[in-house]
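# Notes for the structure review
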Amino acid sequence: MPGHTENEITIAAPLDLVWDMTNDVENWPKLFSEYASAEILSREGDTVTFRLTMHPDENGKVWSWVSERTADREKLIVRAHRVETGPFEYMNIVWEYEETPDGTRMHWTQDFAMKPDAPVDDAWMTDNINRNSPIQMALIRDRIEEVSCTTP
């Protein structure tokens, strides 16, 4: 059965700052702890194609893949998918933003399926994403809120 995850966090910062920082793919290695590098391969309008490379895992394996991401600033939504799917049959991601009285709510939805020969199954990956997303979201929140506090 395909995997589906939803995670969200509220960041005590203006929407424009949250949008700009979280959609600055080149700087994701400074925003996320899991990415060693982010290389922009192409840009066309609001769509960016990029390669993400993770830090080595506990076995020394380095995971890398190409994704495509299209931002719709007017609708406050970003849709992404893996171009190089690796162990996934598919991976689709939606980031939604909303202004709230407490700041900016950021909601991530991930829909995916693992290939039959992948080293893990859909249930394992669902659990992994649900463990890791809140950690990464908290880091993003903290880093954006730090910038927000120092920005006049």
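Residues numbered from 1 in each chain as written. Predicted model: local features only at pLDDT ≥ 70, side-chain atom pairs only at ≥ 80, totals over all residues. Heavy atoms only, no water.

### Focus: the layout of surface pockets
In this structure, the largest pocket encloses a volume near 1000 Å³. Around the largest pocket, the lining comprises 38 residues; the ones closest to its centre are Glu34, Met54, Trp65, Arg82 and Asn128. Looking at the lining of the largest pocket, the elements with two or more residues in it are strand E3 (47-54), strand E4 (64-72), strand E5 (77-82), strand E6 (88-100), strand E7 (103-114) and helix H3 (122-150). At 7 residues, H3 tops the list of elements feeding residues into the lining of the largest pocket. Each residue belonging to the lining of the largest pocket can be placed in one class, and the counts come to 22 nonpolar, 10 polar and 6 charged. (1 Å grid on protein atoms, 1.4 Å probe; cavity = no way out; pocket = protein on both sides within 12 Å on 5 of 7 lines; lining within 4 Å. Points joined across faces, edges and corners; volume = space filled by probe spheres on them. Helix = DSSP H or I, 4+ residues; strand = E, 2+ residues; numbered from the N terminus. Nonpolar A, V, L, I, M, F, W, Y, C, P; charged D, E, K, R; others polar.)

### Details of unusual backbone geometry
One non-glycine residue, leucine 76, lies in the positive phi region at around 60 degrees. When you line up the elements, leucine 76 lands in the loop between E4 and E5.

### Let's talk about the nonpolar core
If you look at the biggest cluster of nonpolar residues, it comprises 27 residues, and the most contacted ones within it are Trp28, Tyr97 and Met106. Sorting elements by how many residues they give to this core places helix H1 (residues 15-22) first, with 4 residues. Sequence-distant contacts of tryptophan 28, that is, excluding residues within four places in its chain, are made with Met21, Thr22, Tyr35, Phe50, Leu52, Arg69 and Trp95. (Core = buried A, V, L, I, M, F, W, Y, C linked by side-chain atoms within 4.5 Å. Buried < 20%, exposed > 50% of the residue type's maximum accessible area, 1.4 Å probe, protein only. Contact = heavy atoms within 4.5 Å.)

### Brief notes about the packing of aromatic side chains
According to the stated counting rule, one finds 11 aromatic pairs in the structure shown. Each ring, one from phenylalanine 32 and one from tryptophan 108, has its centre 6.1 Å from the other, and the planes form 20 degrees; the classification is stacked. Separated by 76 residues along the polypeptide, phenylalanine 32 in the loop between helix H2 (28-31) and strand E2 (35-44) and tryptophan 108 in strand E7 bring together distant segments of the chain. Accessibility expressed as a relative area gives 3% for phenylalanine 32, which makes it buried. Relative accessible area serves as the criterion here: at 6%, tryptophan 108 is assigned to the buried category. The ring of tryptophan 65 carries arginine 82 above its face, with NZ or CZ at 3.8 Å from the centroid. (Phe/Tyr/Trp six-rings, centres within 6.5 Å; stacked < 30°, edge-to-face > 60°. Lys NZ or Arg CZ within 6 Å of the ring centre and 35° of its normal.)

### Observations regarding the pattern of salt bridges
This structure, assessed with the given rule, holds 6 salt bridges. The shortest N-O distance in the salt bridge between aspartate 16 and arginine 73 comes to 2.1 Å. Placement of the pair is aspartate 16 in helix H1 and arginine 73 in the loop between E4 and E5, with a sequence separation of 57 residues. Using a relative accessible area of 45% as the deciding quantity, one classes aspartate 16 as partly exposed. Note on arginine 73: relative accessible area 34%, which makes it partly exposed. Taking the shortest distance from any N to any O, the salt bridge between glutamate 98 and arginine 105 comes out at 2.9 Å. The network of salt bridges with common partners includes Glu8, Glu98 and Arg105. (Salt bridge = Lys/Arg side-chain N within 4 Å of Asp/Glu carboxyl O.)

### Concerning the pairing of E6
Pairing geometry for E5 and E6, over 5 bridges, is antiparallel. Paired with arginine 79 across the two strands is valine 94, which belongs to E6. As consecutive antiparallel partners, E5 and E6 are separated by 5 residues, and within that stretch glycine 86 has a phi angle of approximately 55 degrees, a positive value. Inspection of the sheet shows E6 paired to E7 by 12 bridges, in the antiparallel sense. Residue pairing in the sheet places asparagine 92 in a bridge with aspartate 111 of E7. (Pairing = 2+ DSSP bridges.)

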